[in-house]
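# Secondary and tertiary structure notes
Residues per chain are reported as follows:
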Amino acid sequence: MTVLADLPTYDEALAVYEPVIGLETHVELGTESKMFCGCPTAFGAEPNTQVCPVCLGLPGALPVVNEAAIRYTVMIGLALNCTIVPWSRFARKNYFYPDMPKDFQISQYDEPLCVNGWLDVDVDGQTHRVGITRVHMEEDTGKSLHVGGSTGRIQGATHSLVDYNRAGIPLVEIVTEPDVRSPEVARAYVEELRELCRALGISDVRMEQGSLRCDANVSLRRRPATPDGPENPFGTRTETKNLNSLRSVERAVRYEISRQASRLSAGERIVQETRHFDEGAGVTSAGRSKEEATDYRYFPEPDLAPVALSREFVEAVRATLPESPAQRRTRLTGDYGYTLTDIANLRGAGVLDLVEQTVTAGATPEAARKWWLNELARRASDAEIPPSQLAVTPADVARVATLIAAGELTDALARKVIDGVLAGEGGPDAVIEARGLKVVSDTGALDAAADAAIAGAPAIAEKVRGGKVAAVGPLVGAVMKAMKGQADAGAVRALLLEKLGVS
Amino acid sequence: MTDLLHLSAAETAAAIARGETSAVEVTRAALERIEKVDESVHAFLHVAPDAALADARAVDERKAAGEPLGPLAGVPLALKDVFTARGMPTTCGSRILDGWYPPYDATVVAKLRAAGVITVGKANMDEFAMGSSTENSAYGPSRNPWDLTRIPGGSSGGSAAAVAAFETPLALGTDTGGSIRQPAAVCGLVGVKPTYGGVSRYGLVAFSSSLDQAGPLARTVNDAALLHAAIAGHDPMDSTSVEAAVPDVVGAARIADVTGLRIGVVKELTGPGFAPGVVARFSEAVDMLAALGADVVEVSCPHFEYALAAYYLIAPSECSSNLARFDAMRFGLRVGDAVGASGGEADAPGAEEVMSRTRGAGFGAEVKRRIILGTYALSSGYYDAYYGQAQKVRTLIGRDFAAAYETCDVLVSPTTPTVAFPLGERVDDPVAMYLTDLATIPSNLAGGPAMSLPAGLSDGLPVGFQIMAPAFADDRLYRVGAALEAALDVRRGHPLLDEAPVL
């Protein structure tokens with residue numbers, strides 16, 4: 001595991017070689033029931049409680065296609081600008097493994113449902129178009145748990161347990177063309193795909209739970225001898241399996257680029273093989289080589305009829321497609337004046353939908369962004385819940401923002417209003433009423449408090465009169481205290497300066 | 001009591017409905033008959049007296065309560081051991097399923113229960129329905145009631161033997177390449193392979209998914225029609241079952257008129273290889289149909305000569321995948337799962353080793369032969385030459401049928417080239433065994449329905465007459481079959497089975 005020491009620097013590798021990257025992503029569909037039976041799909045149930053003769057592969061049981069899974073797959077295909085083929089078939093992929101109930105996986109082989117699409121990915125202000133070769137449907141396998149070893153891996157284990165709850169959960173596999181040229185674009189592609197699936201509502205796309213997982217195919221080829229010289233043919237590729245975070249996608253691809261560059265520079269050949277990424281060590285290691293790869297003996301699944309979708313069906317699905325993340329970005333930069341960074345930050349904080357709802361409820365885009373990204377995201381994080389589960393609604397936030405804009409609340413008062421709403425004291429207006437939080441605009445009371453503050457601190461008043469405007473702070477503080485905070489600090493300051501003749 | 005067992009299924013149900021006997025009385029008679037003769041016939045792998053009598057009592061109670069009973073209520077039936085039924089083991093004639101009790105009913109079993117049919121036990125069969133003699137059963141062969149030294153046919157040989165030995169009036173079999181029609185032919189019975197997709201395969205342990213079809217075995221055409229009607233119809237659990245109305249097979253059996261029907265004699269299914277005694281009975285029956293008013297013509301189906309070869313690529317290919325699930329992981333036999341030589345778990349065999357040992361010990365020679373054939377035919381590099389070519393032949397055979405049905409309403413041929421051969425004669429010659437299904441296989445490949453009914457005797461053994469019809473025209477089989485049956489019975493003066501030796 002000391003190979004890292006031999007590696008050329010990443011920049012050195014890139015100077016000589018061009019990386020060629022293709023990605024295969026599995027997305028678990030969020031259907032209520034499994035791909036070929038009626039069993040539920042909820043994550044985290046007791047092992048082997050969501051099973052039936054079909055997903056256990058009992059003798060005599062037969063699959064029936066889940067129509068929702070077909071519709072979801074068509075949604076992904078259309079959102080990825082694919083052609084939805086009028087006729088496609090399932091195929092059996094045959095191999096023996098204890099977590100495969102039938103010892104074959106129902107998948108699609110040479111007749112996938114969606115072909116020839118693309119997805120645009122933005123990295124550092126540049127758009128990269130990634131070609132989509134195919135989108136196909138298949139069923140997930142069960143999950144093996146290896147017991148008795150130190151690592152949880154099969155090596156050293158005394159026995160294994162299998163949970164078939166996951167067996168038969170619908171998956172789509174999305175395969176790209178070898179169009180990606182950098183680890184950053186690879187990561188951005190997976191992220192964009194994740195956001196797309198989320199926007200479509202077809203998966204919870206949780207990489208850490210495995211509902212979105214990615215395999216990265218990486219090869220290197222020498223850059224052309226001269227800048228306009230002919231491109232060299234693709235090199236031999238490796239496939240790094242089961243990357244389960246965006247960071248891992250980027251790191252694993254980056255590592256493979258350095259590793260392959262080192263091999264090639266040393267005059268060695270790249271072995272076509274599957275590799276595993278060790279997140280702790282940040283390195284990939286060899287798995288199965290192509291020579292010992294299984295012959296899957298694909299053939300058309302005789303238990304299922306071909307999938308023949310009418311144009312009407314496909315067009316009906318197209319008509320229901322929600323806005324894509326790319327379309328949304330265009331809209332938000334245009335209508336809201338947000339930057340791409342703003343949008344990325346809001347998305348990262350999990351508040352983009354909430355912000356839009358808040359704007360819809362009457363807040364300005366800037367106020368909505370500020371409140372959700374700063375105050376409310378922090379509160380959610382303190383409470384260890386997603387922002388959407390806070391007890392404050394976008395309408396509440398919009399109301400508060402409107403009151404601030406009208407000068408009826410200060411930021412400080414508004415935070416207290418939010419406190420009240422979060423504490424379950426009712427909506428903003430109810431909290432303001434109950435807690436008496438309105439800005440006091442009664443000039444008589446303010447005048448009196450200002451006069452009292454000036455009279456109570458003659459030395460400070462004199463300094464201010466002498467031109468040291470910045471010294472007014474304690475006087476503002478005294479007025480605010482007298483008003484129990486229910487005054488606008490800016491207005492108080494202006495009033496004091498006016499009285500002291502320096503406005 | 002024996003008289004009860006010589007009634008047809010229709011007469012039995014009618015006698016129960018009229019109160020002349022009871023379902024319990026009929027079931028007891030069947031169980032006693034099994035007790036008496038099955039030691040020599042060996043039609044059954046499992047007899048379920050308690051369950052059968054309980055089901056019979058339920059029928060009698062329904063009658064006592066004045067509920068309407070169906071036309072087969074209270075009639076005993078032998079269920080081929082390839083169907084799952086709660087409360088009974090399902091072995092498929094294989095060691096690998098020894099002791100497996102399925103947790104669910106096949107759809108046809110559920111339909112039989114609903115119809116009040118009494119399943120008295122599970123009938124013997126060639127292992128996983130692969131064979132033409134029951135000699136491939138892991139539990140020993142069944143014997144032909146006409147001559148106990150001869151084969152009862154297969155793979156549904158136990159089902160046929162049970163009906164021919166008057167143990168039950170009805171049996172359910174499956175037909176993948178002739179496995180209902182050939183045993184019916186050599187045992188002097190009526191056997192029908194319905195149109196593929198006409199009867200649900202859910203709970204039928206698959207041999208070759210695109211060919212398997214469940215169907216009736218009975219002593220009369222009318223009884224076969226009643227059982228056919230009871231099990232047919234669309235099943236949402238089987239994606240290959242069709243959503244079409246079930247042809248009125250019972251009505252057709254009642255019409256029993258061939259006047260004006262165009263009957264095609266398939267030239268390729270009467271020539272060399274067919275025993276003279278078989279051809280003689282066949283020709284007499286054809287003449288009889290002509291005398292009854294049918295227009296008899298000769299037709300050619302030139303691609304039928306490739307049917308056997310195509311079948312022995314398609315069926316093994318599908319079986320190599322279907323039988324993968326017998327891997328010792330979830331049900332059935334498990335061999336070699338002991339702790340290691342040291343007595344510790346550390347050197348216990350791994351899952352792959354257990355799978356391999358179990359499959360080695362649990363499958364018989366013919367099953368292994370076909371799994372190996374199919375695995376080879378689907379292998380990368382061989383797929384097009386074998387599986388692909390076989391599918392093309394299948395298409396051509398379908399076209400031969402389509403062309404023939406432009407000028408004919410039904411096609412006819414002898415069911416088998418010879419009468420029942422002696423046990424042991426062909427066990428060491430698989431190809432000779434395969435040739436038994438020469439005339440039956442084309443209907444499986446094309447999907448259309450076909451019937452075998454007794455045409456008479458040759459050397460004291462039954463000869464089968466095959467009628468084939470276009471897909472979903474199953475009723476034509478019964479119309480022609482009932483007419484021929486009636487004419488033959490009149491000429492003979494009694495049903496053919498009356499000539500069978502008394503056991």
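## Comments concerning the nonpolar core
The biggest cluster of nonpolar side chains holds 119 residues, and the ones touching the most others in it are Phe83(B), Phe128(B), Phe465(B) and Tyr478(B). Those residues in contact with Phe465(B) that lie beyond four places of it in its chain are Phe282(B), Ala285(B), Val286(B), Leu289(B), Val412(B), Ser413(B), Thr415(B), Met451(B), Ser452(B), Leu453(B), Ala455(B) and Leu484(B). Counting 65 residues, the second-largest nonpolar core is a separate cluster that includes Leu29(A), Met35(A), Val172(A) and Val190(A).

## Structural notes on the packing of aromatic side chains
Counted under the stated rule, the structure contains 21 aromatic pairs over all chains. Centre to centre, the rings of Phe36(A) and Phe90(A) are 5.6 Å apart; their planes meet at 80°, and the pair counts as edge-to-face. Of this pair, Phe36(A) sits in the loop between strand E1 (17-28) and helix H2 (67-79) while Phe90(A) is found in the loop between strand E2 (83-84) and strand E3 (91-94), placing the two residues 54 residues apart along the sequence. Judged on exposure class, the residue Phe36(A) and its partner Phe90(A) are both buried. Between the aromatic rings of Phe128(B) and Phe326(B), the centroid separation amounts to 4.8 Å while the plane-to-plane angle is 55°, which identifies the pairing as tilted. In this pair, Phe128(B) is assigned in the loop between strand E3 (118-123) and helix H6 (157-164) and Phe326(B) in the loop between helix H11 (307-322) and helix H12 (351-362), connecting sequence segments 198 residues apart. By the ring-pair criterion, three or more aromatic residues cluster together here, those being Trp100(B), Phe128(B), Phe326(B), Phe331(B) and Phe363(B). Above the face of the Trp118(A) ring, Arg129(A) is positioned so that its terminal group lies 3.5 Å from the ring centre. The ring of Phe421(B) has Arg426(B) lying over it, and the distance from NZ or CZ to the ring centre is 4.1 Å.

## Observations concerning the packing of helix H9 (residues 365-383) of chain A against helix H10 (residues 394-405) of chain A
The geometry of a pair of packed helices is captured by two quantities: the angle between their axes and the separation between those axes. All names here are of chain A. Relative to each other, H9 and H10 sit at 115°, their axes nearing to 10 Å. With respect to each other, H9 and H10 are oriented roughly perpendicular. You can see that H9 and H10 cross each other, and the crossing is right-handed. Counting all contacts with H9, which are made through Ala 367, Trp 371, Trp 372 and Leu 376, the residues of H10 involved are Pro 394, Val 397, Val 400, Ala 401 and Ile 404. Tallied by class, the residues present in the contact of H9 with H10 amount to nine nonpolar, no polar and no charged.

## Re the interface of chain B and chain A
On the chain A side, the residues contacting the 40 residues of chain B number 32 residues. Taken together, both faces of the contact between chain B and chain A bury some 2,800 Å²; the carbon and sulfur share is 58%. In terms of surface lost to chain A, no three residues of chain B exceed Ser239(B), Arg325(B) and Arg330(B), which account for 22% of the buried area on that side. One can count one salt bridge joining chain B with chain A. The closest approach of N and O atoms between Asp303(A) and Arg201(B), which form a salt bridge, is 3.0 Å. Among the secondary structure elements, those contributing two or more residues to the side of chain B that touches chain A are H11 and H12 of chain B. The element that contributes the greatest number of residues to the side of chain B that touches chain A is H11(B), accounting for five residues. Each residue belonging to the side of chain B that touches chain A can be placed in one class, and the counts come to 19 nonpolar, 13 polar and eight charged.

Each value, and the rule that gives it
- Residues numbered from 1 in each chain as written.
- Chains lettered and ligands numbered in written order.
- Predicted model: local features only at pLDDT ≥ 70, side-chain atom pairs only at ≥ 80, totals over all residues.
- Heavy atoms only, no water.
- Core = buried A, V, L, I, M, F, W, Y, C linked by side-chain atoms within 4.5 Å.
- Buried < 20%, exposed > 50% of the residue type's maximum accessible area, 1.4 Å probe, protein only.
- Contact = heavy atoms within 4.5 Å.
- Phe/Tyr/Trp six-rings, centres within 6.5 Å; stacked < 30°, edge-to-face > 60°.
- Helix = DSSP H or I, 4+ residues; strand = E, 2+ residues; numbered from the N terminus.
- Lys NZ or Arg CZ within 6 Å of the ring centre and 35° of its normal.
- Axes fitted to C-alpha atoms, helices over the stretch in contact; angles between N-to-C directions.
- Parallel < 35°, antiparallel > 145°, perpendicular 65-115°, else oblique.
- Left-handed = near helix turned anticlockwise from the far one by under 90°.
- Nonpolar A, V, L, I, M, F, W, Y, C, P; charged D, E, K, R; others polar.
- Buried area = accessible area lost by both parts, 1.4 Å probe.
- Salt bridge = Lys/Arg side-chain N within 4 Å of Asp/Glu carboxyl O.

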